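What follows is each chain in one-letter form.
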Amino acid sequence: MASLRNSSTVTEFILVGFEHSSPSTRALLFALFLVLYSLAMAMNGLIIFITWTDPRLSSPMYFFLGHLSLLDVCFITTTIPEMLIHLVVKNHTVSFVSCMAQMYLVFCVGVAECILLAFMAYDRYVAICHPLSYAQIMSQKICVRLVGTAWFFGLINGIFLEYMSFRNPFCRDNHIENFFCEAPIVIALSCGDPQFSLRMIFADAIVVLLSPMVLIVTSYARILASIVGKASSSGRGKTFSTCASHLTVVIFFYTSAMFSYMNPRSTHGPDKDKPFSLLYTIITPMCNPIIYSFRNKEMKGAMARALGRSSLTR
């Protein structure tokens, strides 16, 4: 403890990210990530606009989809703009407070998205297995409460995870081997024994990731059992198409999140962490609107109407 007190306190972190890449590689990455970020913002922004303004998209599924796109916009805005700046400037430092704020926002939005994806699976289960009671079970009031629950747990769980990440002092290495402040990497830099914090983060990830996953798997298992026994071949095809888009999003998001927060630190490394971090911070938010829109006739029609109105106003 005496040696910890005598050590200098960390006041800023250095995001190593792609610092060791050549200038030409960084320029290429900047152009690539700028295009991906712009596409993700534009497509998610369009989905938010049409799900909140088009009266034809008034069902609970599109209400949830609009909030999923809002979470995706928050998620990528928390991490990607800073990465783009660091790809073109030499100063890769972030203040201690900025790192804390970024981690809290990632925690908050990530947890809220995990819970919202589970509620979206439940919505599909009710719509397909209990169509006559769907309007009553998934009323507007219930949908608002479910979305509010996702945001609430994200906010509260973010406070807990933030405390566990910064409960120990930081007085040694301040180099973060990633392009944003990711919790397991930051905790490993703290003084003292980080194992307790890492174990608590792992336990929290089990609850936050696996509990919604149980609801998702249960919902789709019941959907599968229902449509195999009752629906015609054309009805099965339509149902599978509707559910496949949601399952694709779930697989993308949960796979990358589980690797980042449920794997032992001994299996991590810069070459492994960055690809998975990119998957859930920019690839998944960009793919979500593509997956939902191109597999849904109503969404494609609403997008065409929205783009047609904007072209007429010019």
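Residues numbered from 1 in each chain as written. Predicted model: local features only at pLDDT ≥ 70, side-chain atom pairs only at ≥ 80, totals over all residues. Heavy atoms only, no water.

Put simply, the rule reads: UniProt positions are given in the numbering used here, feature names are shortened, and annotations may be inferred rather than shown by experiment.
As recorded by an unreviewed UniProt entry, the protein carries the name Olfactory receptor and is attributed to Prolemur simus. For the record of the protein, the UniProt heading Sequence similarities (unreviewed entry) holds the text "Belongs to the G-protein coupled receptor 1 family." The annotation that UniProt attaches to the protein under Subcellular location (unreviewed entry) is "Cell membrane".

### Comments concerning the overall build of the protein
Applied cut-off: Here a helix means four or more residues in a row that DSSP labels H or I, a strand means two or more in a row labelled E, and each is numbered from the N terminus. Burial classification: accessible surface area is computed with a 1.4 Å probe over protein chains only, and a residue below 20% of its type maximum counts as buried, one above 50% as exposed, and the rest as partly exposed. Note on contacts: a residue pair is in contact if any heavy atoms of the two residues lie within 4.5 Å. Computed with the Shrake-Rupley method and a 1.4 Å probe, the accessible areas treat only the protein chains shown as cover for residues.
On a plain count of helices and strands, the protein comes out with 11 helices and three strands. In the protein, the succession of α and β elements from N to C terminus is α-β-α-α-β-α-α-α-β-α-α-α-α-α. Scored against the burial criterion, the 314 residues of the protein give a buried share of 49%. Sequence-distant contacts in the protein: of pairs separated by 6 or more residues, those separated by 24 or more amount to 78%. Just so you have it, the protein exposes about 15,100 Å², and 67% of that area is on carbon and sulfur atoms.

### Some details on the UniProt feature "transmembrane region" (unreviewed entry) in the protein
Using the residue numbers shown here, the UniProt feature "transmembrane region" (unreviewed entry) corresponds to residues 27-50, 62-81, 101-122, 142-160, 200-223, 244-263 and 275-294. Across residues 200-223, the secondary structure splits into 100% helix and 0% strand, with the terminal C-alpha atoms separated by 34 Å.

### What about the side chain of Ser190?
Formally: N or O atoms within 3.5 Å of each other form a polar contact, as long as, within protein, one can give a hydrogen and the other can take it, and as long as residues adjacent in sequence are counted only when both atoms are side-chain atoms.
Relative to the assigned elements, Ser190 resides in the loop between α7 (183-188) and α8 (195-230). Side-chain polar atoms of Ser190 contact the backbone oxygen of Ile187, separated by 2.7 Å. When near neighbours in sequence (up to four residues on either side) are disregarded, Ser190 contacts Asn168, Pro169, Phe170 and Arg172.

### Observations concerning the pattern of salt bridges
Applied cut-off: Note on definitions: salt bridges are taken to be side-chain nitrogens of Lys or Arg within 4 Å of carboxyl oxygens of Asp or Glu.
Tallied over the entire structure, the rule returns two salt bridges. Of the charged contacts in the structure, one is a salt bridge between Arg56 and Asp54, with a shortest N-O distance of 3.8 Å.

### Some thoughts on the side chain of Ser69
In this structure, Ser69 sits in helix α3 (residues 60-88). A residue is classified by how much of its surface remains accessible, and Ser69, at 2% relative accessible area, is buried.

### What about helix α2 (residues 23-53)?
Just so we agree on the cut-off: Multiplying 1.5 Å by the helix residue count minus one yields the expected span of that helix.
For α2, spanning 31 residues, the distance from its first C-alpha to its last is 44 Å, which sits close to the expected 45 Å at 1.5 Å a residue. By the burial criterion, the buried members of α2 are Leu29, Phe33, Leu36, Tyr37, Ala40, Asn44, Leu46, Ile47, Ile48, Ile50 and Thr51.

### Overview of helix α6 (residues 140-166)
With 27 residues, α6 ought to run about 39 Å at 1.5 Å a step, and its terminal C-alpha atoms sit 39 Å apart, in line with that. Regarding α6, the residues found buried are Cys143, Leu146, Val147, Ala150, Gly154, Asn157, Gly158, Leu161, Glu162, Met164, Ser165 and Phe166.

### Topic: the nonpolar core
The line we're drawing: Note on terminology: a nonpolar core comprises buried Ala, Val, Leu, Ile, Met, Phe, Trp, Tyr and Cys residues joined through side-chain atoms within 4.5 Å.
Ranked by size, the top nonpolar core spans 92 residues in total, and within it Phe13, Phe33, Leu117, Ile176, Val186 and Tyr254 carry the most contacts. Ranked by residues supplied to this core, first place goes to helix α4 (residues 96-129) with 19 residues. Excluding residues that lie within four positions of it along the chain, Tyr254 makes contacts with Cys114, Leu117, Leu209, Pro212, Met213 and Ile216.

### Focus: the confidence of the model for the protein
A low pLDDT score tells you not to read the predicted coordinates there in detail. How we decide: Note: pLDDT gives the predictor's confidence per residue, expressed from 0 to 100.
Put simply, the protein has an average pLDDT of 82, and 87% of its residues get 70 or more. The element-level mean pLDDT for the protein is lowest in helix α1 (residues 2-6), coming to 42, with α6 highest at 93. A low-confidence stretch, residues 1-7 (pLDDT under 50), is modelled with four contacts involving residues beyond four sequence positions or located in other chains.

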